[in-house]
Amino acid sequence: MTITANGIEFETSFEGPDGAPVVTMSHSLCCDLTAWDELAEDLKKDYRVLRYSLRGHGKSAPVKGPYDFKMLAADVAAIQDAYGVTESHFVGLSIGGMIGQEYALSYPERTLSLVISSSLCALPDGAAALWPERIRLASEEGLEATVEPTMSRWFVEGSLEGRPELDARVRKMILETSIDGYVGCCHAIAGIDLKDRIPAIKKKTLVIVGREDMGTPLSSSELIHRQIEGSKLVVIDNAAHQLAIDKPEEFNRHVRA
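Note that the coordinates shown come from a computational prediction; the quantities given were computed from them, not determined experimentally.

### Regarding the state of the cysteines
Part 1 of the argument: One pass over the full model with this rule turns up 0 disulfides.
Part 2 of the argument: Free cysteine: Cys31, not disulfide-bonded; nearest cysteine sulfur from Cys30 at 7.3 Å.
Part 3 of the argument: With no disulfide partner, Cys121 has as its closest neighbouring cysteine sulfur the one in Cys185, 18 Å distant.

Right, dumping it as structure tokens:
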């Protein structure tokens with residue numbers, strides 16, 4: 001369903017039993033709300049599941065950036081308002097986990113709990129130069145030029161063998177992302193600065209990461225875990241970035257717990 005929030009048309013989905021607790025899900029760069037299909041199918045038996053595609057992703061309207069995390073968290077709140085949601089559990093992966101941190105800081109009264117997967121609170125050492133280059137590559141050559149390097153970061157070698165439908169599904173999401181949406185989100189990630197603020201998060205928090213994640217490495221999740229008192233850290237072996245798609249049963253089990 002398309003709704004208007006913050007003056008932008010967003011692709012959304014809201015499923016599950018009336019009156020059940022709400023879980024809001026925010027996906028990674030170059031994906032869309034269907035990245036949560038497996039988790040949503042599991043959770044919607046017991047929860048109201050609110051999914052949306054980020055600005056310029058999926059069928060959400062492309063809007064020129066740059067974006068920042070205050071803006072992206074405000075998008076979440078506005079989408080929730082459109083559905084009458086006043087409080088929610090929040091599950092975010094990659095940039096979605098960064099949005100989740102800002103959401104929990106800016107809207108603590110709305111936040112029931114927080115899952116931060118494959119994410120950052122600050123750029124890892126040496127990563128600052130990556131984002132201008134990714135912006136240049138996409139702007140000059142299109143998202144097609146980003147597909148192979150993205151897939152190599154998102155999945156461990158061999159994990160997609162024998163899974164051609166999953167391979168095609170993920171590549172399709174990348175190619176259907178707008179340049180404006182990609183570049184806008186890249187600017188947000190390049191400017192991430194949440195490390196010194198997230199100790200203020202007091203909600204129950206799960207931090208979950210793949211041991212082989214190159215883009216948002218284990219050390220980054222360990223930093224988030226240290227900064228949010230009382231958080232739990234889970235590391236999934238033989239997995240990289242896209243945990244919810246690649247390891248859905250294991251991922252879903254930890255989220256439910």
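Text resumes after the structure shown.
### A short note on the pairing of strand β8 (residues 232-236)
Part 1 of the argument: Note: strand β7 (residues 204-210) against β8, 5 bridges, orientation parallel. Paired with Leu206 across the strands is Lys232, a residue of β8.
Part 2 of the argument: Traced from β7 through helix α8 (residues 218-227) to β8, the parallel crossover comes out right-handed.

### Re the environment of Leu223
Part 1 of the argument: Summarising the element assignment, Leu223 is placed in helix α8.
Part 2 of the argument: Distance in space between the C-alpha atoms of Leu223 and Val207 is 10.0 Å, their sequence separation being 16 residues.
Part 3 of the argument: Excluding anything up to four places from it in sequence, Leu223 contacts Cys121 and Lys195.

### A look at the sheet that holds strand β4 (residues 48-52)
Picture the strands of a sheet paired through backbone hydrogen bonds; they go either parallel or antiparallel.
Part 1 of the argument: One open sheet accounts for 8 strands, arranged β1-β2-β4-β3-β5-β6-β7-β8; its pairing is mixed. The outermost strands of the open sheet, each flanked by one partner alone, are β1 (2-5) and β8. Shown here is a sheet whose adjacent strand axes are inclined to one another by a mean of 25°, direction ignored.
Part 2 of the argument: The sheet contacts of helix α3 (residues 95-106) involve β3 (22-26), β4, β5 (88-93) and β6 (111-117), and relative to β5 the element is tilted by about 145°.
Part 3 of the argument: Of the strands in this sheet, β6, β7 and β8 touch α8, which is tilted by about 170° from β7.

### With respect to the packing of helix α4 (residues 130-141) against helix α7 (residues 179-190)
Part 1 of the argument: Contact geometry for α4 and α7: axes closest at 9 Å, N-to-C directions at 175°. In terms of axis orientation, α4 runs roughly antiparallel to α7. Together, Trp131, Arg134, Ile135, Ala138 and Ser139 of α4 and Ile179, Tyr182, Val183, Cys186, His187, Ile189 and Ala190 of α7 make up the contact between the two elements.
Part 2 of the argument: Looking at the contact of α4 with α7 residue by residue, the classes come out as 9 nonpolar, 2 polar and 1 charged.

### A short note on the nonpolar core
Part 1 of the argument: Core analysis: the biggest nonpolar cluster contains 61 residues, and Leu29, Phe69, Ile95, Ile99 and Val170 have the highest contact counts within it.
Part 2 of the argument: The element that contributes the greatest number of residues to this core is helix α2 (residues 69-82), accounting for 7 residues.
Part 3 of the argument: Other than its neighbours up to four places away in sequence, Ile99 contacts Ser26, Tyr52, Leu54, Phe69, Leu72, Ala73, Val76 and Phe90.
Part 4 of the argument: Listed in part, the 19 residues of the second largest apolar core include Val23, Leu39, Ile236 and Ala239.

### Examining the pattern of salt bridges
Part 1 of the argument: Counted according to the given criterion, the structure contains 21 salt bridges.
Part 2 of the argument: Arg197 serves as the salt-bridge partner of Glu102, at 2.7 Å between the closest nitrogen and oxygen. Pair noted here: Glu102 is in helix α3 and Arg197 is in the loop between α7 and β7, with a separation of 95 residues, a long-range link.
Part 3 of the argument: The buried category is assigned to Glu102, whose relative accessible area is 2%.
Part 4 of the argument: Judged by relative accessible area, Arg197 falls into the partly exposed class, the value being 32%.
Part 5 of the argument: Put simply, Arg163 and Asp246 hold a salt bridge, and the shortest N to O gap is 2.7 Å. Of this pair, Arg163 sits in the loop between α5 (147-154) and α6 (164-175) while Asp246 sits in helix α9 (residues 243-246); the two residues are 83 residues apart in sequence, bridging distant segments of the chain.
Part 6 of the argument: One salt-bridge network, in which partners are shared between bridges, spans Glu15, Asp37, Glu41, Lys44 and Arg51.

What counts, and where the lines are drawn
- Residues numbered from 1 in each chain as written.
- Predicted model: local features only at pLDDT ≥ 70, side-chain atom pairs only at ≥ 80, totals over all residues.
- Heavy atoms only, no water.
- Disulfide = S-S within 2.5 Å.
- Pairing = 2+ DSSP bridges.
- Helix = DSSP H or I, 4+ residues; strand = E, 2+ residues; numbered from the N terminus.
- Right-handed = clockwise from strand over helix to strand, strands pointing away.
- Contact = heavy atoms within 4.5 Å.
- Axes fitted to C-alpha atoms, helices over the stretch in contact; angles between N-to-C directions.
- Parallel < 35°, antiparallel > 145°, perpendicular 65-115°, else oblique.
- Nonpolar A, V, L, I, M, F, W, Y, C, P; charged D, E, K, R; others polar.
- Core = buried A, V, L, I, M, F, W, Y, C linked by side-chain atoms within 4.5 Å.
- Buried < 20%, exposed > 50% of the residue type's maximum accessible area, 1.4 Å probe, protein only.
- Salt bridge = Lys/Arg side-chain N within 4 Å of Asp/Glu carboxyl O.

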